[in-house]
Amino acid sequence: MCLRHCLTTLSLVFLVTSRLDSPATAADADIDGIEFFEKRIRPVLVQHCFECHATKPKKSKGGLRLDSKRAALAGGDSGPVIMPGKPDESLLIDAVAYGGEFVDMPPSGKLPDRVIADFRTWIALGAPMPDDKTSDGTQPASSPAPQKTVDIEAGRSFWSFQPVSQQPLPNVSNADWPQQRLDWFVLAKLDEQQLEPNPPADRRTLLRRLDLDLTGLPPTPDDVDAFVSDASPDAIERVVDRLLCSPHYGERWGRHWLDVARYAEDNPTGESTCQPPPFPWPYRDWVIRTHNDDLPYDEFVRRQLAADLMDLPPEEIAATGFLGLSPVYHKEPKLSGEVIRVIVADEWDERLDTISRGFLGLTVACARCHDHKFDPITTRDYYALAGVMASTQLVEWPLVNASLADAEALTKTREAIVDYNLRVSYAKAMQTAAEIEKQPTEPFEKLAKEYQKTLDDWKSRKLFDGPIANVVRDAGVWVDDHDPDWTNMVYRAGEPRNLPVFVRGNPNNPGDTVPRRFLEVLSDSPARPFKHGSGRLELADAIVTDAAPLAARVIVNRVWGWHFGQPLVRTPGNFGALGERPSHPELLDDLAARFIASGWSLKWLHREIVLSTTWQQSSRIRDGRPTEVDPDNRLLWRMNRRRLEAEVWRDAVLATIGQLDGHMFGKSDSIDDEKNHRRTIYGTITRQNPADVLRLFDFPDAKRHSDQRTLTTSPLQQLYLLNGPFLQQAADHVVNGPLPGSTDDSDARSDSVQQLFRTILLREPTTDELDASLRLIGDESTQQGWQILAHSLLATNEFLYSD
C-alpha cells in the first residue's frame with residue numbers, strides 16, 4: 001500500500017500541477033554575501049590578517065594575500081585556502097579554528113568562536129567579496145570601487161537620497177491598458193523592449209490571488225461563484241475594500257513586518273542571563289492591530305522606536321517591543337569586563353543594523369570598524385547612533401497606568417533573581433570543589449546561605465500582575481567590572497550616554513567621544529545633536545522627516561515586493577552603492593511621493609497596487625520573445641507565480657478543511673502541537689528551534705533583520721507534504737467530514753470528486769483528472785482511497801502556489 005500510495009499520489013500531483021517558478025537568483029544572494037563580508041569579515045581581516053597578508057605578493061607571508069578577491073581565492077604557497085561553498089574543506093577555517101592540519105592563525109591567539117562561525121558562514125555563502133579592479137584600473141560595474149574617504153556632500157547626490165515627487169506620465173503604446181498610474185510606467189518600460197503584457201487573470205485565479213495576498217486565507221467556493229458571476233464594474237474594488245477591512249488583513253500584513261522586526265519569543269541561546277522574554281506577544285498583537293487600523297506608516301515608525309517617550313495611552317508602549325525583543329546574549333558574570341563589553345557592543349550593533357536596514361535600507365553597521373567602504377556613512381555616524389542604543393534599556397513594563405516603583409520592580413527583580421541564582425550556584429560549586437580538595441568548606445557554605453537568603457527575599461516580593469510587555473526605556477547602559485570576580489551590567493535611568501568611537505570596532509579601545517545624532521548625509525549640515533533623553537524619539541522623527549524620501553522608497557519597495565514576489569529594488573535592505581538600482585525608478589518615486597501625500601497610508605498603497613492592470617495580469621509564461629528578452633520578469637510583462645509562505649500554506653489548509661481557529665491575540669501556542677489550529681502568526685516563534693514547517697519552508701532566521709525570504713526547493717519539503725502528519729490529518733478530516741463517503745453509486749462518487757476539487761482547488765476537475773481520481777478511489781470507494789485523493793490535492797503545487 002505504501003508503494004501504491006506514493007505512485008498514485010505522485011501521478012495525481014503531476015496531473016493537476018504546473019511548473020515550479022525558478023528560485024531567487026545567485027546575484028541576489030551574492031549581494032547579501034558582500035554585505036556580510038563588509039560587516040563581519042573584512043574588519044577581522046584588517047585587524048588580524050592584513051599586516052602579513054595584504055602586501056605585494058613577493059612580500060606577503062606564505063605567498064598569501066587576503067586583500068584581493070582574486071588573490072584570496074588563488075591562495076598561497078600551500079595552495080587554495082578558501083573553497084567557496086565548502087567551509088569544511090577550506091584551510092582558512094582550519095587555521096582560524098586552530099584545527100591542527102594547517103598553521104594556526106592569527107599567531108597572536110585564537111579568534112572567538114562567534115568570529116570563526118562568521119567565517120564558516122561567509123565561505124558557505126561562496127566567499128563573496130567585492131570584485132578586484134579590471135586591467136584598465138576601473139572597478140567592474142557589479143561592484144563599485146571602495147571609497148578612500150567619505151565625501152558627505154557628494155554622497156547627498158546619490159539616487160536614493162533625492163527628494164521624491166510625482167512623475168509625469170510617460171507616453172505608451174496603448175493608453176487604454178493602464179488602470180492605475182503605476183501601469184503607465186510599467187507599460188512604458190515594456191514598450192521600450194517591444195514587449196506586450198499578459199492578458200488579465202481569470203476571475204477565479206484573481207479572487208484567490210486577492211484573498212491570499214491581502215488576508216493570507218483562500219476564498220470559499222461560494223466566494224468564487226459570487227465573484228465570477230458579478231459583472232458589475234466595481235466588483236473588484238468592492239472585494240478589495242472588504243478584504244482590507246477584514247481583521248485577517250492585519251494578521252497577514254503584520255506577519256510581513258515581523259520579518260523585518262526579527263520578532264521572536266526567545267533568545268539565540270538560553271543561558272540564565274538570556275532567558276526568553278516573558279511577555280513578547282503584546283508587540284505582535286500591536287503590529288496586527290495597527291495594520292488593521294491603518295496607522296500612518298510614519299507614526300508606525302515613531303511608536304516602535306519611542307512610544308514610551310510620546311503622549312500616548314499606556315498600552316501603546318507595546319510598540320517598542322521592536323527593540324525590547326532584540327536578541328540578547330549570555331553575559332556570564334565570571335567573564336572579564338573586556339569580554340562583556342564586546343558582547344554588549346554586538347547587541348547594540350544588531351539593533352542599529354535592524355533600524356537602519358529596516359527603516360532606511362542602509363547598511364550603517366558596516367561603519368562600525370571603519371568608515372563605510374561604499375556609502376557616505378562615517379564611523380562617527382555609526383557611534384552617534386550607537387549611543388542611542390547605549391542609552392536604551394530592555395525592560396518589562398506595565399501596559400496600564402502603574403506607579404514608577406511597581407514598573408521598575410519588574411525588571412529589577414528579575415535581574416536580581418538571575419544574579420543571585422548564579423551566585424548561589426557558584427558558591428555551592430566552590431563548596432564542592434573544596435570538599436574534593438579536602439579544604440575548609442565553611443566560607444563557601446556561609447556565602448551560599450547568605451546568597452540564598454537574599455535570593456529568597458527577592459523571590460518573595462509581590463510584583464505587578466496586570467498586563468505587561470517586553471519593551472524599552474531610557475537608561476544608560478554600562479559594564480561594571482570593578483569587582484575582578486564578578487562583572488555586572490549597570491543601568492542608570494534618565495542618564496543617556498555618548499559613546500566614543502571604538503577603534504577598529506573594539507569597545508576596549510575607545511577613541512574620541514561622539515554626540516548622539518542622525519546621519520550626516522541625511523541631515524542638514526552639520527547634523528544636530530540629540531538633546532532629549534536617549535534620542536530615540538528624535539531619531540524616529542529624523543527617519544520620517546529628514547529622511548522621509550528614503551524611508552518612503554524603502555517601505556513602498558517592500559510592499560511592492562510582498563505583492564509581486566519581487567521588489568523594484570531587489571536589495572530591499574540596501575539602498576546604498578552595493579544595492580541594486582530600481583527596475584522602474586520613475587514608478588518608485590511617483591508611488592513613494594503619492595504614498596507620503598496619502599498620509600503614509602499602507603491601505604492606500606495596497607489599493608494602488610492590487611487594482612492595477614499590472615498586478616491583475618495572468619502569470620502564464622509565454623514562450624518566445626518575452627522569455628528571451630526578460631526571463632526574470634523584471635519588466636513585469638506577466639504576474640509572478642509565487643509559492644505560499646509556510647504560514648499562509650498552513651493557514652490555507654486549516655481554512656480549507658474547516659478547522660481554522662479564528663481566536664486572535666494573546667499568548668502563543670506551539671506550531672508543532674497537532675491540536676493547535678490557530679493562525680500561524682499566533683504560533684511560538686523561536687530563534688533556537690523553529691517549528692518543522694517553518695524551518696523546512698524558508699522561514700527567516702529571527703536572530704537578525706530579514707530583507708526578504710529566500711525560496712528553496714528541497715526533497716525534505718516534498719517528503720513533509722507526502723509523509724508529514726499535518727497533511728495526513730487534514731486529509732483524514734476531509735474524508736471523515738461531510739464531503740465524500742463510501743458509496744457504490746458511480747454518479748455519487750463522481751459528484752464527490754468534483755466537490756473535493758471545488759473545496760480544495762476552487763475549480764472543477766478536468767475530464768482526465770476526474771477519471772484518474774475515480775480510478776484511484778476504485779469501485780469499492782474505500783476511505784483510504786478518498787484519503788489519498790484529498791491528501792494529493794492538498795499537496796499539489798496548484799494549492800501551494802498563488803497564480
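Structural data are supplied above this passage.
All figures in this text were calculated on a predicted structure; none of them were measured in a lab.

Rules and cut-offs
Residues numbered from 1 in each chain as written. Predicted model: local features only at pLDDT ≥ 70, side-chain atom pairs only at ≥ 80, totals over all residues. Heavy atoms only, no water. Helix = DSSP H or I, 4+ residues; strand = E, 2+ residues; numbered from the N terminus. Expected span 1.5 Å × (residues − 1). Buried < 20%, exposed > 50% of the residue type's maximum accessible area, 1.4 Å probe, protein only. Arc of directions from axis to C-beta. Pairing = 2+ DSSP bridges. Axes fitted to C-alpha atoms, helices over the stretch in contact; angles between N-to-C directions. Contact = heavy atoms within 4.5 Å. Core = buried A, V, L, I, M, F, W, Y, C linked by side-chain atoms within 4.5 Å. Parallel < 35°, antiparallel > 145°, perpendicular 65-115°, else oblique. Left-handed = near helix turned anticlockwise from the far one by under 90°. Nonpolar A, V, L, I, M, F, W, Y, C, P; charged D, E, K, R; others polar. Phe/Tyr/Trp six-rings, centres within 6.5 Å; stacked < 30°, edge-to-face > 60°.

Colleague: Could you give an account of helix α29 (residues 746–761), naming the residues involved and the relevant values?
Modeller: With 16 residues, α29 should reach 22 Å at 1.5 Å per residue; the first-to-last C-alpha distance of 22 Å fits that figure. Listed in full, the buried residues belonging to α29 are Arg749, Ser750, Ser752, Val753, Leu756, Phe757, Ile760 and Leu761. Relative to the axis of α29, the buried residues are bounded by an arc of 160 degrees and lie together on one face. Leu762, located one to two residues past α29, shows a positive phi value of around 65 degrees.

Colleague: Go over the environment of Lys462 with me, naming the residues and quoting the values.
Modeller: Its place among the elements puts Lys462 in the loop between α19 (442–460) and β2 (468–480). By relative accessible area, which is 81% here, Lys462 ends up exposed. For the pair Lys462 and Leu410, spaced 52 residues apart in sequence, the C-alpha to C-alpha distance is 9.7 Å.

Colleague: Explain the sheet that holds strand β3 (residues 488–493) residue by residue, including any values.
Modeller: Reading across the sheet, the three strands line up as β1-β2-β3 and stay open at both edges, with antiparallel pairing between neighbours. Looking along the sheet, the strands with just one partner apiece sit at the ends: β1 (392–398) and β3. Strand-to-strand twist of the sheet, defined as the mean angle between neighbouring strand axes without regard to direction, takes the value 50 degrees. Direction of pairing for β2 relative to β3: antiparallel, over a ladder of six bridges. Bridging from a neighbouring strand, Trp478 pairs with Val490 of β3. Docked against the sheet, helix α16 (residues 337–360) engages β1, β2 and β3, running at close to 140 degrees with respect to β2.

Colleague: I'd like a rundown of the environment of Val115, residues and numbers included.
Modeller: Structurally, Val115 can be placed in helix α6 (residues 113–124). A residue is classified by how much of its surface remains accessible, and Val115, at 9% relative accessible area, is buried. For the pair Val115 and Ile41, spaced 74 residues apart in sequence, the C-alpha to C-alpha distance is 8.3 Å.

Colleague: Please provide a residue-by-residue account of the side chain of Asp349, values included.
Modeller: Residue position: Asp349 is located in helix α16. For Asp349, a relative accessible area of 6% corresponds to the buried category. In contact with Asp349, not counting residues within four places along its chain, are Lys39, Ala365, Arg368 and Tyr382.

Colleague: An account of unusual backbone geometry is requested, with residue identities and associated values reported.
Modeller: Here the phi dihedral of Asp294 falls at roughly 55 degrees; this positive angle occurs in a residue that is not glycine. Among the secondary structure elements, Asp294 is positioned in the loop between α13 (281–292) and α14 (297–306). The residue Leu636 is not glycine, and still its phi comes out positive at about 65 degrees. Take Leu636: it is sitting in the loop between α24 (625–629) and β6 (642–643). Look at Leu636 and you get buried, because its relative accessible area is 3%.

Colleague: Quick rundown of the nonpolar core? Include the residues and the values.
Modeller: Counting residues in hydrophobic clusters, the biggest one holds 182 residues, and the most contacted among them are Trp257, Ile543 and Trp649. Residue contributions to this core peak at eleven residues, all from helix α21 (residues 548–564). Discounting residues that sit within four places of it in the chain, Trp649 has contacts with Leu644, Val693, Tyr720, Leu721, Phe726, Leu727, Leu794, Phe799 and Leu800. Formed by 23 residues, the second largest nonpolar core is a distinct cluster that contains Leu45, Cys49, Val81 and Ile82.

Colleague: Help me get a handle on the packing of helix α9 (residues 203–215) against helix α11 (residues 235–244), residues and values and all.
Modeller: Their axes nearest at 10 Å, the elements α9 and α11 cross at an angle of 25 degrees. Relative to α11, α9 is oriented roughly parallel. Handedness of the crossing formed by α9 with α11: right-handed. Only Ala235, Ile236, Val239, Val240, Leu243 and Leu244 of α11 make contact with α9, whose side of the interface consists of Arg203, Leu206, Leu207, Leu210, Asp211, Leu214 and Thr215. Its residues assigned to classes, the contact of α9 with α11 shows ten nonpolar, one polar and two charged.

Colleague: Run through the packing of α16 against helix α17 (residues 379–389), naming residues and quoting values.
Modeller: The packing of two helices is summarised by the inter-axis angle and the distance between the axes. At a minimum axis distance of 9 Å, the contact between α16 and α17 shows a crossing angle of 110 degrees. The angle between the axes of α16 and α17 places the two elements in the roughly perpendicular class. Of the residues in α17, those in contact with Trp348, Asp349, Arg351, Leu352 and Ile355 of α16 are Tyr382, Leu385, Ala386 and Met389. Partitioned by chemical class, the residues of the contact of α16 with α17 number seven nonpolar, no polar and two charged.

Colleague: For the packing of aromatic side chains, give the residues involved together with the corresponding values.
Modeller: Going through the model one piece at a time under the given rule, you end up with 29 aromatic pairs. Taken together, a centroid distance of 6.5 Å and an interplanar angle of 25 degrees make the contact between Trp257 and Phe322 stacked. With Trp257 in helix α12 (residues 247–260) and Phe322 in helix α15 (residues 321–324), this residue pair connects regions lying 65 residues apart in the sequence. Across this residue pair, the class does not change: Trp257 and Phe322 are buried. Consider the rings of Tyr297 and Phe595, whose centres lie 6.4 Å apart with planes at 50 degrees: the pair is tilted. Here Tyr297 is found in helix α14, whereas its partner Phe595 is found in helix α22 (residues 585–597), with 298 residues between them in sequence.

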